[in-house]
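# Chain and residue survey
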Amino acid sequence: MSLTAKIAAILTALILSITTVGAIVQRSVFGGRFDQIEREEAGAELSRVREALSAEIETVARSARRLGRWEPTRSFVGPERGRNEAFIAENLSDAVLEAEDLDLVVLCDAGGRVLAHRLRDPDTGDELALSDFPNERLSTRHPLLAWTASEAERRLVEPSGVLLTERAPLLVAVERVVGSGDRMAGFAIVGRFLGGDLSDRISERTRTTFSAWPVETTPDALPDDIAERLDRITGSAAPVVATIDDGGAMAVYATFDDIQRRPTLVLRATMERSISDAARTTLLSGGLTDATIGLAILLGLLLTLNVVVLKPIRALTDHAVRTGQNENFRAKFGLERSDEIGTLGEAFDEMMAKLEQARSALVETARTAGMSEIATGILHNVGNVLNSVNISAALVSQRVDGLCIDDLERLAEVVKEHKDDLAAFLTEDPRGQHIEPFLSALVDQLAQEQRAIKNEVTSLTDGIDHICELVKSQQNLAKGTALIEPTNLAMRMDEALRITQRVHGVDDDLVVVRRYDEIDEVDLDKHKLLEILVNLVQNARQAMHRGEGVRELTLELRQSDGDHVLLAVADTGVGISSDDLTRVFNMGFTTRDEGHGFGLHSSANAANEMGGRLWAESDGPGQGARFLLELPFVPPGHRSNEPSSEEGGVAYGGAA
């Protein structure tokens with residue numbers, strides 16, 4: 001699978017995942033919020049119904065107060081009263097009750113004897129008879145006559161409210177009638193049935209469809225939705241909200257107290273779920289919009305990545321691999337671009353040109369001036385790093401060739417074919433239902449490939465840079481100059497380990513032990529230092545490949561005294577005999593059949609050029625070995641321009 005196909009698949013998976021996750025998040029966050037708003041609106045609607053019902057009760061109470069405080073009423077109920085038929089005919093007529101919007105008017109004395117009584121059916125206008133309001137006398141324990149009871153009992157009764165009757169719930173109010181001497185002469189009771197025109201008027205005023213049922217009734221007489229929730233409704237102080245009609249509508253329930261402050265009515269208000277419907281439409285539209293935008297972004301990214309990144313990387317990788325295999329340093333990559341890839345191509349061409357020049361110059365110098373040692377040393381050190389560069393380039397090429405863009409392009413074509421019915425395709429078509437898991441897997445795969453390619457390109461760039469610096473350092477050797485800069489010793493030791501790992505691979509059986517003291521940066525030639533450390537670490541790994549038992553590589557860094565730092569590389573390999581401890585630094589000396597004897601010799605010379613020394617320690621064959629490099633500790637900015645007095649000779653075998 002090509003890199004283009006893999007990137008396309010991963011991008012498709014990423015965009016679809018983002019779209020899907022976004023839709024899920026929106027539905028979970030905003031969907032719940034819309035449901036909450038809808039429930040709050042339902043509760044508010046029922047609250048408006050309760051407030052409207054309370055307002056109607058207050059209207060009835062005002063009628064009771066007007067009637068009870070009216071002078072003719074006080075005279076009618078007073079001690080000198082008589083059967084005043086004219087008062088009854090004039091003030092309890094159908095016209096008066098209709099004008100006052102009342103269905104009940106009762107006037108009685110303080111003992112409950114009914115003096116005037118009028119109760120009519122609100123639908124037909126006919127006279128009604130209710131057990132709660134007989135024509136002759138009201139019981140002294142009647143809830144509306146509790147005003148004559150003790151103060152404790154009066155606190156349990158409201159002067160206005162709802163009273164259940166066998167006909168229908170009745171909105172009632174009572175007012176004391178005070179006679180001469182401010183003595184209570186009787187009561188004026190008025191009321192209006194809840195239902196018919198009154199319910200319609202409340203619904204129209206609140207714009208809410210509601211119904212009311214008595215609490216104390218048989219469960220069979222209640223609607224099913226109220227019967228199954230009755231205990232919850234009567235036991236909750238807050239409104240109870242529930243979905244009905246298979247979720248197509250929402251109902252909110254609450255109780256309404258009677259004049260004795262007991263829950264007597266169950267109120268139910270219903271509303272269509274318009275908010276939820278609008279929310280679902282909005283979320284669906286947003287999801288389709290996100291999917292369309294994601295598809296456009298995907299196609300644009302694929303085209304851009306293929307033209308801007310993938311093709312140049314593939315060409316650069318192939319060129320680097322061919323250069324490493326053929327050692328044709330004169331071949332030019334020739335990519336003219338102003339971005340990072342163009343800079344990398346130019347640096348690679350420049351490095352190859354300089355390497356070719358350096359190799360030609362060194363070969364000619366060695367041929368004409370007998371400086372074969374210098375030529376051999378630089379080629380050896382460059383070869384160490386170039387192996388790592390070749391491996392990195394080969395790995396990048398393998399990963400590029402292994403990427404699968406074709407599948408992603410085919411997936412993009414399928415999505416493009418169904419762009420007009422993308423939502424249905426993704427949810428209903430069996431092929432569309434496999435897109436999400438496929439894309440999720442591709443996202444992980446592309447992320448892994450991207451990190452791997454980035455790491456290999458970084459390693460490739462570092463290796464090229466180090467080769468350039470090695471070439472520069474050898475060119476500057478004839479001029480007696482060196483590039484001195486602040487250097488982190490621990491980072492250089494870890495870098496040397498990474499370079500050798502590129503050549504030998506990561507060995508899971510090899511134990512690497514780091515013993516680093518905290519040491520500030522030191523002014524020195526970091527590329528010479530890296531040249532030495534690469535040789536030491538590579539020799540240690542090769543020595544343990546030929547040995548048996550525990551394979552442990554130890555890297556040490558400490559300050560030997562106030563003026564020097566000590567770097568050490570130890571192994572548990574084949575060890576060194578006492579006779580060979582000094583000979584290992586001689587030109588051409590090696591104990592390996594495939595060795596050349598250049599690495600340690602050039603490393604000892606480099607250590608001497610840096611004003612330090614390099615020596616070896618070993619307890620004998622099979623006991624491992626330890627190479628120690630001691631360098632001057634010169635803080636940044638404190639190095640003198642004068643050359644070291646020790647420069648010019650080779651230090652090895654423990655000699656300063």
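Just above sits the structure.
Figured I'd write up the structure that's included with this text. (Residues numbered from 1 in each chain as written. Predicted model: local features only at pLDDT ≥ 70, side-chain atom pairs only at ≥ 80, totals over all residues. Heavy atoms only, no water.)

The strand order S6-S9-S8-S7 describes an open sheet built from 4 strands, whose pairing is antiparallel. On the outer flanks of this sheet lie strand S6 (209-214) and strand S7 (240-244), each paired with one strand and no other. Strand-to-strand twist across the sheet, computed as the mean angle between neighbouring axes with direction ignored, equals 25 degrees. As paired elements, S7 and strand S8 (residues 249-257) share 5 bridges and run antiparallel to each other. Across the sheet, residue Thr 243 finds its bridge partner in S8, namely Met 250. (Pairing = 2+ DSSP bridges. Helix = DSSP H or I, 4+ residues; strand = E, 2+ residues; numbered from the N terminus. Axes fitted to C-alpha atoms, helices over the stretch in contact; angles between N-to-C directions.)

What the rule picks out here adds up to 3 aromatic pairs. Pairing Trp 70 with Phe 87 gives two aromatic rings, centres 6.1 Å apart and planes at 35 degrees, and the pair type is tilted. You can see Trp 70 sitting in the loop between helix H1 (3-69) and helix H2 (71-77) and its partner Phe 87 sitting in helix H3 (residues 85-91), a full 17 residues away along the chain. Using a relative accessible area of 36% as the deciding quantity, one classes Trp 70 as partly exposed. We classify Phe 87 as buried; its relative accessible area is 6%. (Phe/Tyr/Trp six-rings, centres within 6.5 Å; stacked < 30°, edge-to-face > 60°. Buried < 20%, exposed > 50% of the residue type's maximum accessible area, 1.4 Å probe, protein only.)

On to empty space enclosed by the protein. One pass over the structure, following the stated rule, counts 3 cavities of 30 Å³ or more. Its boundaries defined by the atoms lining it, the largest cavity holds a volume of some 70 Å³. Around the largest cavity, the lining residues are Thr 12, Ile 15, Leu 16, Ala 291, Gly 294, Leu 295, Leu 298 and Val 415. At the level of elements, H1 and helix H9 (274-326) are the ones that each hand at least two residues to the lining of the largest cavity. Counting residues per element, the lining of the largest cavity draws most heavily on H9, at 4 residues. Residues belonging to the lining of the largest cavity are distributed by class as follows: 6 nonpolar, 2 polar and no charged. (1 Å grid on protein atoms, 1.4 Å probe; cavity = no way out; pocket = protein on both sides within 12 Å on 5 of 7 lines; lining within 4 Å. Points joined across faces, edges and corners; volume = space filled by probe spheres on them. Nonpolar A, V, L, I, M, F, W, Y, C, P; charged D, E, K, R; others polar.)

Below, the discussion takes up helix H18 (residues 599-609). Buried residues dominate H18, accounting for 10 of its 11 residues. For H18, the full list of buried residues reads Gly 599, Leu 600, His 601, Ser 602, Ser 603, Ala 604, Asn 605, Ala 606, Ala 607 and Asn 608. Backbone geometry just after H18 places Gly 611 at a positive phi near 80 degrees.

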